[in-house]
Amino acid sequence: MVDRYLEDGVIEGRLDSDLYEQNFADAHPPLDPHEALVAADRCYFCYDAPCVTACPTAIDIPKFIRQISTGNLEGSARTIFDQNILGGMCARVCPTETLCEQACVRETAEGQPVQIGLLQRHATDHAMKNNLQFYDPAEDTGKTIAVIGAGPAGLACAHRLAMKGHKVVIHDANPKAGGLNEYGIATYKSVDQFAQHEVDYVTAIGGISIVNDSRLGDNLTIDGLLDEHHAVFLGIGLGGVNALGAETDSDDISVNAVDFIAELRQAEDFAKVAVGRRVMVIGGGMTAIDVGTQARLLGAQDVTIAYRRGRDNMNASSAEQDQSSAKGVNIRHWMQPVEVTKSGSGSLNVKMEFTTLSEGKLTGTGKFETVEVDQLFTAIGQTLAAGEAIGSIAVEHGRIRVDETFRTSNPSVWAGGDCVAGGDDLTVTAVAQGRDAAEAIHAALVT
Amino acid sequence: MADLRHNFVGIKSPNPFWLASAPPTDKEYNVVRAFKAGWGGAVWKTLGLDPHIVNVGGPRYGAIWGADRRLLGLNNIELITDRPLDVNLQEIKSVKKAWPDRALVTSLMVPCEEPCWEGILRQVEDTECDGVELNFGCPHGMSERGMGAAVGQVPEYIEMVTRWCKDKTRMPVIVKLTPNITDVRYPARAAKAGGADAVSLINTISSIISVDLDQFAPEPTIDGKGTHGGYCGPAVKPIALNMVASIARDAETAGLPISGIGGVTTWRDAAEFLTLGAENVQVCTAAMTYGFKIIEELVEGLEQWMDNAGHPDLDSIHGRALPNVTEWQYLNLNYTAKARIDQDSCIKCGRCHIACEDTSHQAITNMVDGERRFEVIDEECVGCNLCVNVCPVESCITMERLPAGDLDKRTGKDVSPDYGNWTMHPNNPMRDAAE
Ligand SMILES: Cc1cc2nc3c(=O)[nH]c(=O)nc-3n(C[C@H](O)[C@H](O)[C@H](O)COP(=O)(O)OP(=O)(O)OC[C@H]3O[C@@H](n4cnc5c(N)ncnc54)[C@H](O)[C@@H]3O)c2cc1C
Ligand SMILES: Cc1cc2nc3c(=O)[nH]c(=O)nc-3n(C[C@H](O)[C@H](O)[C@H](O)COP(=O)(O)O)c2cc1C
Ligand code: SF4
Ligand code: SF4
Ligand code: SF4
């Protein structure tokens, strides 16, 4: 099949079939029990531990690690889930190198943090594999809450509400629950249908029903929902994409990276996902890194991520950048596309202008380079796509405005996750906000 | 290069590292391997009368470990040799013949009757080994039969059996002491009174190492039951060091040669035993954990340290720490130290703070001007050293002596330049009348 590898154009099956499995295997394989003990032993059980402060969900990290070291994996998992019911997914997808592990005092001491993420996975895997459920719903409050969006924010909110004794109905526009856990996270971070297992694990508490293929804005309105429910929580993420700021001669010249990743995540057979030989990705965030890396793993021979600023400005952490480079992705800085044209053979000519900072502002240099590619991905940020669906709810900086209790301008509607202003577009932050919004909803409904 | 040649009660060996009487010295095959590896001597696994005892057919050992399975303490329910006396004696003879420059001592444990000792001593003399060690220490299995620790716990028996042996043999007699007593000086004095050439200590400490929580039975578990065993390895070293020092400092046993045993794992452990009055050391658990090759590190490490520090031979380090071992009431109570935190090496884990805050003297901050920062509060610090012990960064916290004349902010008094101990202290109701 080597000839397919070298073929121009956007085609399927660039690799030998067994290579796909290898390429998309677990990126960070789990610790075995002995490795976990050794890793746990490195934790100093800090006072007022900086890692806890750095975790958006404030998991009691020294405690759960100490529980691992004493052989109490159940207790350890419970400590994690008490703060973060999606602790299993977070253990896989959190950029720990910029969160808990960056703050770890052993990172300060020797540049080798305690492997908090992997230890968290060790404990949560144990609980989830054995379906150990730690929470029962409180006595029924008689209240029902509609949650829109079954992503991390919605699921965390629903679970906390169920714990408090409320009934929850989740509506999600997609055929499967999980949000970007199911459709967005890089394949090798969440293998073996983990996102669906996690949805089942979280909803097993009872009192939560999920309605799929049900979109706010189609048959559902906020007002309609509030007629039936005591409150609404919006965890709708960001559905839209920013437009490519380059001149193009047709609309479908570039591929939205998020859509491509969703297709890949849902693919039954990776060999059936078509990818170019020469691929360019425009962007500098986690999505750009993920689409570039996965294009390589699908067999693209030559993948370039082009970012208009420097390495340190990239939203993707340096660890993510390094992992991507290690897979053979070429990350180029200080260049932006200005014109894209289609050649007769179907390939794309991307005219790039080199950029620089002038008086703190990004400007073009007037120097250009044209790159011929088969496939062009845009990963230049997502926008709130809800538009009219959220009615009169106030928006700021393109996202839903909330107060410190995650209440929107409509006092019966709360919101959290990527769709609200002021977050950092991380799974763990969505979980924290969903959880805290649930506490606020509970406080508002029962007092 | 430092001279490690060693003479213990007339028994010569090329270095002061002997293997203790235990599985590593159970038979010719092991001892020859040890000598090939470079061990200075060996005390043969304890011999008894025929019919020889039998060991359990299940697990004999238990252990405690660090997280990476570093063995910290070992426990055993093994007995003395489980091979016929004749076989052992022949092998001892053959090893001694092949290795004349190594120390070979035979350990013995027979019932507390004079003819028993007389008989076995005569047989041991035939092997031409260098001496005997009387095993008064084994805490399990044998003591229930009136041997081992059962003898070692009764000073009168020690003296009596030692005297029998000294009467019956020309060989040097080393008495091995059990730590399972209240004050180890009594058995040591009894050994000396009986004419012992030397004492060796410690044997293992009575222990239950762990409990199987499914079977509700002590480990190692034999068919659902367990029993107490003997504890040894790195964890017992502090106990052994104290016992060695207290015998070395005791006026009644002063000058009695001591073979130090208990937890010796590195050259540093050995050096500590030697400076506290042991003339040589014996090793069991470290060899059982890592094999005989550790002798290379033991010998080379000791030599290197002696060379670097300018100690030419073992005599020049023997007992050197003893003059500085004293009783609590003679410590200088005017000595004042405060903890100091090196902010550059502090990694802000907060362990010093919480240890001091929760369990000691509330003398370490956790916030200064709204920043996470750990500083010693001199007004509260009693200089206890707990923070130093719990700090994960070596040398990050140090105890600094306050010079005489400086104000101790805790007491509000200047540090006295004089020496003043408890016997002179005004709070001591029994202080010396002269003061
Ligand atoms: C490619 C990619 C990779 C990423 N990798 C990481 C990573 O490695 N680590 C990390 O921490 N974060 C990562 N993120 C970010 C992370 O996935 C998000 O921050 C997180 O999923 C946000 O959760 P959420 O619940 O707010 O929104 P989402 O996960 O987006 O979920 C929103 C849900 O709402 C539903 N919905 C939307 N509109 C409607 C509507 N009108 N009616 C009904 N339902 C609706 C959607 O179908 C979806 O299920 C990545 C994001 C992307 C795009
Ligand atoms: C399995 C085992 C068997 C032992 N058997 C004997 C013995 O037969 N005779 C004896 O005097 N001491 C015996 N000992 C005690 C050792 O000689 C030694 O005194 C003790 O283990 C402390 O030294 P260590 O910490 O270096 O192991 C035995 C120890 C172990 C671990
Ligand atoms: S949830 Fe994420 S940030 Fe928090 S402790 Fe776990 S891995 Fe670290
Ligand atoms: S900062 Fe590191 S060492 Fe300290 S508690 Fe957290 S994980 Fe443990
Ligand atoms: S224990 Fe040591 S490293 Fe930790 S805060 Fe205290 S001084 Fe700093």
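Residues numbered from 1 in each chain as written. Chains lettered and ligands numbered in written order. Predicted model: local features only at pLDDT ≥ 70, side-chain atom pairs only at ≥ 80, totals over all residues. Heavy atoms only, no water.

1. Points about the overall build of chain B
Where we set the bar: To qualify as a helix, a DSSP run of H or I must reach at least 4 residues; to qualify as a strand, a run of E must reach at least 2; elements of each kind are numbered from the N terminus. For every residue, the accessible area obtained with a 1.4 Å probe (protein chains only) is divided by the maximum for its type, and the residue is called buried under 20%, exposed over 50%, and partly exposed between those limits. Whether two residues are in contact is decided by their heavy atoms: any pair within 4.5 Å suffices. Two residue types count as positive, namely Lys and Arg, and two as negative, namely Asp and Glu; His and chain ends fall outside the count. In this description, the location of a charge corresponds to atom NZ of lysine, CZ of arginine, CG of aspartate or CD of glutamate.
Along its length, chain B carries 12 helices and 22 strands. If you line up chain B on its principal axes, its C-alpha atoms span 80 × 60 × 45 Å. The buried share of chain B, taken over its 435 residues, is 51%. The contacts of chain B with a sequence gap of at least 6 include a subset with a gap of at least 24, amounting to 69%. The distance from the centre of the 41 positive side-chain charges to the centre of the 59 negative ones in chain B is 3 Å.

2. A few points about the interface of chain B and chain A
Note the following rule: By definition, the buried area sums, over both parts, the 1.4 Å-probe accessible area that each loses when the two are put together. What counts as a salt bridge is simple: a side-chain nitrogen of Lys or Arg found within 4 Å of a carboxyl oxygen of Asp or Glu. Nitrogen and oxygen atoms within 3.5 Å of one another constitute a polar contact, given that in protein one can donate a hydrogen and the other can accept it, and given that sequence-neighbouring residues count only through two side-chain atoms.
Every contact between the two is made by 14 residues of chain B and, on the other side, 13 residues of chain A. For the pairing of chain B and chain A, the buried interface totals around 1,100 Å² over both sides, and the portion due to carbon and sulfur atoms is 63%. When the buried area of chain B at its contact with chain A is split by residue, Ala67, Ile347 and Arg372 of chain B rank highest and sum to 44% of it. Joining chain B to chain A, the criterion identifies one salt bridge. Among the ionic pairs, arginine 372 of chain B bridges to aspartate 48 of chain A, the shortest N-O distance being 3.7 Å. In this assembly, chain B and chain A are joined by five residue pairs in polar contact (both at pLDDT 80 or more).

3. Quick word on the pattern of salt bridges
Residue and element names in this part refer to chain A. One pass over the full model with this rule turns up 43 salt bridges over all chains. Salt-bridge contacts for glutamate 7 lead to arginine 4; the nearest nitrogen and oxygen are separated by 3.7 Å. The exposure class assigned to glutamate 7 is partly exposed, which follows from its relative accessible area of 33%. What you see here is one network of salt bridges that share partners, running through Asp8, Arg277, Arg278, Glu372 and Asp374.

4. Describing the environment of threonine 289 of chain B
Considering the arrangement of structural elements, one finds threonine 289 of chain B in helix H9 (residues 285–290). Taking the C-alpha atoms as reference, threonine 289 of chain B lies 7.5 Å from leucine 71 of chain B; in sequence the two are 218 residues apart.

5. Overview of the site of ligand 3
The cut-off we apply is this: Only a single heavy atom is needed: when it lies within 4 Å of a molecule or strand, its residue is near that molecule or strand. The residue classification treats Ala, Val, Leu, Ile, Met, Phe, Trp, Tyr, Cys and Pro as nonpolar and Asp, Glu, Lys and Arg as charged. All others, Gly included, are polar.
The environment of ligand 3 is formed by Cys55, Ile59, Ile61, Asn84, Cys90, Cys94, Thr96, Leu99, Cys100, Gln120 and Val428 of chain A. Taken together, the residues that form the shell around ligand 3 break down as eight nonpolar, three polar and no charged.

6. Some words on a nonpolar patch on the surface
Let me state the cut-off plainly: Only residues whose relative accessible area exceeds 30% and that take part in no salt bridge are eligible for patches, with like-charged residues grouped when within 9 Å of each other and nonpolar side chains (Val, Leu, Ile, Met, Phe, Trp, Tyr) grouped when within 5 Å. Accessibility throughout is a Shrake-Rupley quantity obtained with a 1.4 Å probe, and a residue counts as covered only by protein chains that appear here.
A grouping of Ile208, Val211 and Leu213 of chain B is seen on the molecular surface, where their side chains present a nonpolar patch of about 310 Å² in accessible area. As for its position among the elements, leucine 213 of chain B is in the loop between strand S12 (210–212) and strand S13 (217–219).

7. Notes on the domain arrangement of chain A
For clarity, the cut-off: Boundaries of every domain are those given by an automatic assignment or by a domain database.
For chain A, the assigned domains are domain 1 (2–25 + 241–378), domain 2 (33–129) and domain 3 (144–238 + 384–446). One C-alpha centre belongs to domain 1 of chain A, the other to domain 2 of chain A; they are set 34 Å apart.

8. Overview of the sheet that holds strand S5 (residues 231–234) of chain A
All names here are of chain A. This is how the line gets drawn: Whether two strands pair comes down to DSSP finding at least two bridges between them. The axes are straight lines fitted to the C-alpha atoms, using for helices just the contacting stretch, and the angles between their N-to-C directions are given from 0 to 180°.
Strands sit in the order S4-S3-S2-S5-S20 across an open sheet of five strands; the sheet is parallel. Here the strands that pair on one side only, and so sit at the sheet edges, are strand S4 (208–211) and strand S20 (413–415). Here the strands of the sheet are splayed against their neighbours by 20° on average, with no regard to which way each runs. Here four bridges tie strand S2 (residues 144–148) to S5, and the two strands are oriented parallel to one another. By the bridge assignment, isoleucine 145 is partnered in S5 with alanine 231. Here helix H11 (residues 152–163) sits on the sheet in contact with S2, strand S3 (167–171), S4 and S5, set at roughly 165° to S3.

9. A word on the nonpolar core
Threshold: What makes a nonpolar core is a set of buried Ala, Val, Leu, Ile, Met, Phe, Trp, Tyr and Cys residues whose side-chain atoms join them at distances within 4.5 Å.
Within the largest apolar cluster, 80 residues are counted, with the highest numbers of intra-cluster contacts made by Trp39, Val175 and Leu201 of chain B. For leucine 201 of chain B, the residues in contact, after removing those within four places along its chain, are Leu177, Val184, Met243, Val244, Ile247, Ile258, Ser259, Gly260 and Ile261 of chain B. Judged by nonpolar contacts, the second largest core, of 68 residues, contains Leu86, Leu238, Ala415 and Ala437 of chain A.

10. Some details on the environment of asparagine 174 of chain A
All names here are of chain A. In this fold, asparagine 174 is placed in the loop between S3 and helix H12 (180–183). Taking relative accessible area as the criterion, asparagine 174 reaches 31% and is therefore assigned partly exposed. Sequence separation of asparagine 174 and alanine 150 is 24 residues, and the distance between their C-alpha atoms is 8.8 Å. The contact partners of asparagine 174, leaving out residues within four places of it in the chain, are Tyr183, Asn212 and Asp213.

11. Here's the deal with the packing of helix H6 (residues 73–83) of chain A against helix H10 (residues 116–129) of chain A
All names here are of chain A. Rules: Our angle categories are set so that under 35 degrees counts as roughly parallel, over 145 as roughly antiparallel, 65 to 115 as roughly perpendicular, and the remainder as oblique.
Two elements in contact, H6 and H10, have axes whose closest approach is 8 Å; the angle formed by their N-to-C orientations is 105°. On the basis of the axis angle, H6 is roughly perpendicular to H10. Seen from H6, the contacting residues are Leu73, Glu74, Ser76, Ala77, Ile80 and Phe81; seen from H10, they are Gln120, His122, Ala123, Thr124, His126, Ala127 and Met128. Here the contact of H6 with H10 is composed, by residue class, of seven nonpolar, five polar and one charged.

12. With respect to the packing of aromatic side chains
We count it as follows: Working definition: a ring pair exists when centres of Phe, Tyr or Trp rings (six-membered ring for Trp) sit within 6.5 Å. Plane angles under 30 degrees give stacked, over 60 give edge-to-face, the rest tilted. Think of it as a cone above the ring: NZ of Lys or CZ of Arg counts as a charge over the ring if it is within 6 Å of the ring centre and within 35 degrees of the ring normal.
By the definition in use, this model includes 10 aromatic pairs over all chains. Ring pairing ties together the aromatic residues Phe81, Phe134, Tyr135 and Tyr201 of chain A, which thus form one cluster. Positioned over the ring face of tryptophan 65 of chain B is arginine 69 of chain B, at 4.0 Å from the centre of the ring.

13. Things to note about the site of ligand 4
Around ligand 4, the neighbouring residues are Cys43, Tyr44, Cys46, Ala49, Cys51, Pro62, Cys104, Val105, Val114 and Ile116 of chain A. Looking at the shell around ligand 4 residue by residue, the classes come out as 10 nonpolar, no polar and no charged.

14. Focus: the pairing of strand S10 (residues 278–282) of chain A
Residue and element names in this part refer to chain A. Counting buried positions along S10 gives five out of five residues, so the element sits mostly inside the fold. Residues of S10 alternate between two faces, with Arg278, Met280 and Ile282 on one and Val279 and Val281 on the opposite face, all of them buried. Note: S10 against strand S11 (residues 302–306), five bridges, orientation parallel. Each bridged residue has a counterpart across the sheet, and for methionine 280 the counterpart in S11 is threonine 304.

15. A short note on the pairing of strand S14 (residues 348–358) of chain A
Residues and elements named next belong to chain A. In this sheet, S14 lies alongside strand S13 (residues 335–342) in antiparallel orientation, the contact comprising seven bridges. Across the sheet, the residue bridging to glutamine 336 is glutamate 353, located in S14. The antiparallel pairing of S13 with S14 creates a hairpin that spans five residues between the two strands, and glycine 346 there sits at a positive phi of about 100°. Summarising the sheet, S14 and strand S15 (residues 361–373) pair through 10 bridges and their orientation is antiparallel.

16. A short note on unusual backbone geometry
Residues and elements named next belong to chain B. The residue after aspartate 50, namely proline 51, is reached through a cis peptide bond having omega -5°. The topology assignment puts proline 51 in the loop between strand S4 (41–47) and strand S5 (61–65). Residue proline 220 follows glutamate 219 across a cis peptide bond; omega there is -5°. The topology assignment puts proline 220 in the loop between S13 and strand S14 (229–232).

17. Quick word on the confidence of the model for chain B
To keep things clear, this is the line we draw: For every residue, the predictor reports its confidence as pLDDT, a number between 0 and 100.
In the predicted model, chain B carries a mean pLDDT of 95, and the fraction of residues at 70 or more is 97%. Across the interface, the model reports ipTM at 0.82; the global pTM reads 0.89.

18. A word on the sheet that holds strand S16 (residues 375–378) of chain A
Residue and element names in this part refer to chain A. Spatially, five strands are ordered S8-S16-S10-S11-S12 in an open sheet, and the strand pairing comes out parallel. Only two strands of the sheet have a single partner each, and these edge strands are strand S8 (255–256) and strand S12 (330–332). Examined bridge by bridge, S11 and S12 share three bridges and lie parallel to one another. Bridging across to S12, threonine 304 finds its partner in asparagine 330.

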